[in-house]
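If you want the building blocks of each chain, they are given just below.
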Amino acid sequence: MSSLYEPRAEHKFSFGLWTVGNPGADQFGPRVRSHRSPVQLVELLAEVGAWGVNLHDNDLVPIDASPAQRQEIVGEFKVALEKHGLTVPMATTNLFSDPAFKDGAFTANDPKVRAYALQKTMQAIDLGVDLGAQTYVCWGGREGVESDASKNPLVALQRYRHALDFLCSYVRDQGYDLKFALEAKPNEPRSDIYLPTTGSMLAFIATLDHPEMVGVNPEVAHEHMCGLNFTHAVAQAWDMGKLFHIDLNDQNYSRYDQDLRFGSQNPKAAFFLVKFLEEVGYSGPRHFDAHAYRSEDWDGVKDFARGCMRSYLIFKEKARAFAEDGEIQALIAEVTASGQADADLLGPYDAERADALRKHVFDRVALGARGLAYEKLDQLTIDLLSGVR
Ligand code: GCO
Ligand code: MN
Ligand code: MN
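Report follows, based on the coordinates. (Residues numbered from 1 in each chain as written. Chains lettered and ligands numbered in written order. Predicted model: local features only at pLDDT ≥ 70, side-chain atom pairs only at ≥ 80, totals over all residues. Heavy atoms only, no water.)

Attention now moves to the coordination of the manganese ion (ligand 3). With distances of 1.9 to 2.2 Å, the protein atoms coordinating the manganese ion (ligand 3) are Glu183 (OE), Glu219 (OE), Asp247 (OD) and Asp289 (OD). Spacing between the donor residues of the manganese ion (ligand 3) along the chain follows E-x35-E-x27-D-x41-D. On the accessibility criterion, Glu183 (5% relative accessible area) is buried. (Donors = N, O, S within 2.8 Å, 3.2 Å for Na, K, Ca; no water. Buried < 20%, exposed > 50% of the residue type's maximum accessible area, 1.4 Å probe, protein only.)

A few words on the site of ligand 1. Taken together, 13 residues sit near ligand 1, with His56, Glu183, Lys185, Glu219 and Asp289 positioned nearest. Here an oxygen atom of ligand 1 and a side-chain polar atom of Asp289 are 2.7 Å apart. For ligand 1, the protein covers 92% of the area, taking 330 Å² as the surface of the free molecule. If you map ligand 1 onto the pockets, it falls in the largest pocket. (Near = heavy atom within 4 Å. Polar contact = N/O pair within 3.5 Å; in protein donor to acceptor, adjacent residues only side chain to side chain. Areas by Shrake-Rupley, 256 points an atom, 1.4 Å probe, with all protein chains shown as cover. 1 Å grid on protein atoms, 1.4 Å probe; cavity = no way out; pocket = protein on both sides within 12 Å on 5 of 7 lines; lining within 4 Å. Sits in = over half its atoms within 2 Å of the grid points.)

Packing of helix 2 (residues 38-48) against helix 11 (residues 298-324) leaves a shortest axis separation of 10 Å and a crossing angle of 50°. Looking at the two axes, helix 2 sits oblique to helix 11. Our pair here, helix 2 against helix 11, has a crossing hand that is right-handed. Contacts between helix 2 and helix 11 involve Leu41, Leu44, Glu47 and Val48 on the former and, on the latter, Trp298, Val301, Lys302, Ala305, Arg306 and Met309. Residues of the contact of helix 2 with helix 11, tallied by class, amount to seven nonpolar, no polar and three charged. (Axes fitted to C-alpha atoms, helices over the stretch in contact; angles between N-to-C directions. Helix = DSSP H or I, 4+ residues; strand = E, 2+ residues; numbered from the N terminus. Parallel < 35°, antiparallel > 145°, perpendicular 65-115°, else oblique. Left-handed = near helix turned anticlockwise from the far one by under 90°. Contact = heavy atoms within 4.5 Å. Nonpolar A, V, L, I, M, F, W, Y, C, P; charged D, E, K, R; others polar.)

Further remarks concern empty space enclosed by the protein. Taken as a whole and judged by the stated rule, the model has one cavity of 30 Å³ or more. Roughly 80 Å³ of internal volume is contained in the largest cavity. What lines the largest cavity is simply Thr92, Thr93, Leu95, Phe106, Thr121, Tyr136, Val137, Cys138, Trp139, Gly140, Glu143 and Tyr160. For the lining of the largest cavity, the element with the most residues is strand 4 (residues 135-139), which contributes four residues. Tallied by class, the residues present in the lining of the largest cavity amount to seven nonpolar, four polar and one charged. (Points joined across faces, edges and corners; volume = space filled by probe spheres on them.)

This is the structure we're talking about:
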């Protein structure tokens, strides 16, 4: 095994406590793995070579812990982080497990639930900042409905906006160095979740009081669940300067929420994603929001975590090979080649150029007849990815 594929701190690989700590319960059966404490999970992550560990408030501090218990738990956790050299780049709030949130949190119909959700999030922000987090993820797991009879979608959006405006102001007031990253998901656990795609989140951010404090945390599985191209969503977020964080995993298109090991299901899509992130110079955490198959014991969980990071690094190396492959690059250069005439026609708008363009005579038939060799290009990509090239 080459050291090229060994995780290092500079790669910024992180996992949530809830990912490697997932005990393997599903809708049809109970947990299959024993409980591991946050401190044990930090040890596990250090052993596999991760850089960061993320958490929901209640992954670390039980929801009914007393202030003294909270202090003790957080203290022990900090000691473990220090001992193993792990960092907490991101934190978030569990606004979906407790029955109080069965109708959502920020968008719940009951105003007391909405107020409680804000209180819980402020406390979780304090905890995250105390642990060093600079990104705060908001995933609206139960911000949705089974029936539109229960909630007006416009009112729900207004409530959502109020919550985010409130929390941004709170962070500003406290002087915290913290940005929010909104995570879209189309469904699960609700039938329909509000703001279902990264594109919806990006549009919503523009309506907030402090849009500069808010970006997105796109997740592979969430866009794939609704059949979308994840890399395209990430590209749009990047283009807008809003790619604050990313959740990497994998997912069969249109199935239930699977949280598979990164790159395991759709390696070609994972390759183009990694290629994109590396080529634009994304410098944030590479967070794996996935979990091991239910078939696994704790050794299997380590195999899962190592596999996520290894595949990322394999695709990173393949992206380099793609960029340096003469035949591949020649094909790309051929279809994108432009002469002076194209440059003249495609410059920025001015009246003269518009006039020239109106008068220009195109050989439309020749344009349509030209073969683009994308079959060849894609097969070369497959050859490259499968290691025969
Ligand atoms: C999911 C989500 C969550 C969130 C997490 C952080 O599908 O359950 O991806 O794992 O990312 O709650 O906000
Ligand atoms: Mn998810
Ligand atoms: Mn996620």
